[in-house]
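What follows is the residue order along each chain.
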Amino acid sequence: MANLEPLGFIPEQVEDLGDGFKVVHPGVYNVVIVESDVQPTRSGGKMLVLKYQVVDGPHTGDFLTDRLNIENASETAKRIGLSQLKNVCDAIGFAGMLKDSNQLHGKV
């Protein structure tokens, strides 16, 4: 938890520049992974960051980002992250040893 009171932030008083985060409403979307990278976590672990692009429907062209814990001091966090990565692999039909995240790219 972070104390934001000193910031004095009131959303209604901030200009919407229209070029930031977009909300994609809950639903089922066809996406492809267009970028991936392993980045450090604040706790010294590693996360796989996946950038998806929606390929059809009303949100075509929009991007979504997913961050999966692949190394973490918390075994629970790591187990959840690896389970999420398994779900990604299952969704695109990937089987075998995942040697590089590029193997996940471009598959709907």
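Residues numbered from 1 in each chain as written. Predicted model: local features only at pLDDT ≥ 70, side-chain atom pairs only at ≥ 80, totals over all residues. Heavy atoms only, no water.

Digging into the side chain of Ser101
Then, number 1: Looking at the element boundaries, Ser101 is found in the segment after α1 (75–92).
Then, number 2: When its relative accessible area of 18% is taken as the criterion, Ser101 is described as buried.
Then, number 3: Each residue touching Ser101, except ones within four places of it in the same chain, is listed here: Ser36 and Leu48. (Helix = DSSP H or I, 4+ residues; strand = E, 2+ residues; numbered from the N terminus. Buried < 20%, exposed > 50% of the residue type's maximum accessible area, 1.4 Å probe, protein only. Contact = heavy atoms within 4.5 Å.)

Remarks on the nonpolar core
Then, number 1: Counting 14 residues, the largest nonpolar core has Ile33, Leu48, Leu50, Tyr52, Leu85, Val88 and Leu104 as the members making the most contacts within it.
Then, number 2: Secondary structure elements with two or more residues in this core: β1 (31–40), β2 (46–54), β3 (63–71) and α1.
Then, number 3: Apart from residues no more than four positions distant in its own chain, Leu50 is found in contact with Ile33, Glu35, Ser36, Leu64, Thr65, Asp66, Leu68, Val88 and Leu104. (Core = buried A, V, L, I, M, F, W, Y, C linked by side-chain atoms within 4.5 Å.)

A look at the environment of Pro40
Then, number 1: Mapping Pro40 onto the fold places it in strand β1.
Then, number 2: It is 9.9 Å that separates the C-alpha atoms of Pro40 and Asn72, two residues lying 32 residues apart in sequence.
Then, number 3: Not counting residues within four places of it along the chain, the set of residues in contact with Pro40 comprises Gly45, Lys46 and Met47.

Just geometry here; none of it tells us what the structure is for.
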